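Take a look at the letters that make up each chain.
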Amino acid sequence: PPRSTLFPYTTLFRSASTALAQAPTVDSVVDHLTQALGGKQAWDNTHYIRFNFLGRRTHWWDKWTGRHRLEGQTKEGQHYVVVENVNTKEGTAWLDGKKVEGDKAKEMVDNAYAAWVNDTYWLLEPYKLRDPGVNLSYAGEQALDGKTYDKLAVSFGKVGLTPGDRYWVYVNRDTGLVDRWEYILQDMPKDGPATAWKWEGWQKYGNVMLAPHRVQVGADRKLELTDIAVFDQLPDSVFTSPEPVK
């Protein structure tokens, strides 16, 4: 999954009741979703986010400046830390506390950026529907498991690492939250079938809503996003030093 910067948007939010009393449109569905997530102001005011992806790697992200720290273990069991800025794609890497230089350092910084792009999309995609380069269309109403969904089709311009990816996002008409997404990635057959995952466990972190659990439809697979936290303040050392975060 692809994109980087998160949406600025200026559309005035309609109330959910007003939005859904009319025929659904892209704007009304995204407005409903945005309100259910906590509102645009709450998202804009969210400064730092931390989470772990699949138990493999932990991200700390300064959403306001683009500073990013990635930490985990290599396949060889070495502890790595990368600090970078996702806007400039420049940074520094350490293995077992020793600074890495040259091509290896560049590779680690590039990989940290790619991990940020992928992993934050799994966590934050509902917040990214108004990103620059995102193409949205209303794909109709759909009933699933006794619930009514407004379905959004998502494609991309020349942005991100995998612009050929396509997604379908299911917004629960009652709750306004995303219960499911489906995707056909650019390296998959264009005519599908799409891969579907349920989004479960929506809860509030700080002043915004996030869902930590993904369950693949039709398969016995789960994807867990753990150690999720939202902070108003973090020490600068998180983004400058390989020392453990305290």
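The structure reproduced in this document is the subject of the present report.

1. Structural notes on the side chain of Glu71
Topologically, Glu71 is positioned in strand E3 (residues 67–73). When its relative accessible area of 14% is taken as the criterion, Glu71 is described as buried. Within the structure, Glu71 has its side chain in polar contact with the side chain of His79 (distance 2.7 Å). Not counting residues up to four positions away in its chain, the partners in contact with Glu71 are Arg56, Arg57, Thr58, Trp60, His79, Tyr80 and Val81.

2. Thoughts on the environment of Ala112
Summarising the element assignment, Ala112 is placed in helix H4 (residues 102–124). Of the residues examined, Ala112 reaches a relative accessible area of 1% and is grouped as buried. Expressed as a C-alpha distance, the spacing of Ala112 and Val83, which sit 29 residues apart in the sequence, is 8.4 Å. Setting aside residues no more than four positions away along its own chain, Ala112 makes contact with His68, Leu70, Val82 and Glu84.

3. Some remarks on the environment of Ile49
One can find Ile49 in strand E1 (residues 48–53). Judged by its relative accessible area of 3%, Ile49 is buried. For Ile49 and Val159, which are 110 residues apart along the polypeptide, the C-alpha to C-alpha distance reads 23 Å. Apart from residues no more than four positions distant in its own chain, Ile49 is found in contact with Trp43, His59, Trp60, Trp61, Leu123, Leu124, Ala229 and Val230.

4. Some thoughts on the environment of Asp27
Here Asp27 is to be found in helix H2 (residues 26–37). Residues Asp27 and Lys147, spaced 120 residues apart in sequence, show a C-alpha to C-alpha distance of 21 Å. At a separation of 2.2 Å, a polar atom in the side chain of Asp27 contacts the side chain of Arg130.

5. Description of the packing of aromatic side chains
For the structure shown, the criterion picks out 17 aromatic pairs. Relative to Trp116, the ring of Trp61 lies with its centre 5.3 Å away and its plane at 70°, an arrangement referred to as edge-to-face. Note that Trp61 is positioned in strand E2 (residues 57–62) and Trp116 in helix H4, a separation of 55 residues in sequence. Accessibility classification places Trp61 together with Trp116 in one group, the buried group. Centroid distance Tyr149 to Tyr170: 6.1 Å. Interplanar angle 80°. Geometry classified as edge-to-face. Here Tyr149 is found in strand E8 (residues 147–156), whereas its partner Tyr170 is found in strand E9 (residues 166–172), with 21 residues between them in sequence. Using a relative accessible area of 6% as the deciding quantity, one classes Tyr149 as buried. Since its relative accessible area comes to 1%, Tyr170 is described here as buried. Among the aromatic side chains, those forming a connected cluster through ring pairs are Tyr121, Trp122, Phe156, Tyr167, Trp181, Tyr183, Trp197, Trp199 and Trp202. Above the ring of Trp43, the side-chain terminus of Lys63 is found at 4.3 Å from the ring centroid. Sitting over the ring of Trp199, Arg214 keeps its end group 3.5 Å from the ring centre.

Cut-offs and rules
Residues numbered from 1 in each chain as written. Predicted model: local features only at pLDDT ≥ 70, side-chain atom pairs only at ≥ 80, totals over all residues. Heavy atoms only, no water. Helix = DSSP H or I, 4+ residues; strand = E, 2+ residues; numbered from the N terminus. Buried < 20%, exposed > 50% of the residue type's maximum accessible area, 1.4 Å probe, protein only. Polar contact = N/O pair within 3.5 Å; in protein donor to acceptor, adjacent residues only side chain to side chain. Contact = heavy atoms within 4.5 Å. Phe/Tyr/Trp six-rings, centres within 6.5 Å; stacked < 30°, edge-to-face > 60°. Lys NZ or Arg CZ within 6 Å of the ring centre and 35° of its normal.

Interpretation note: all reported values are geometric properties and have no functional meaning in isolation.
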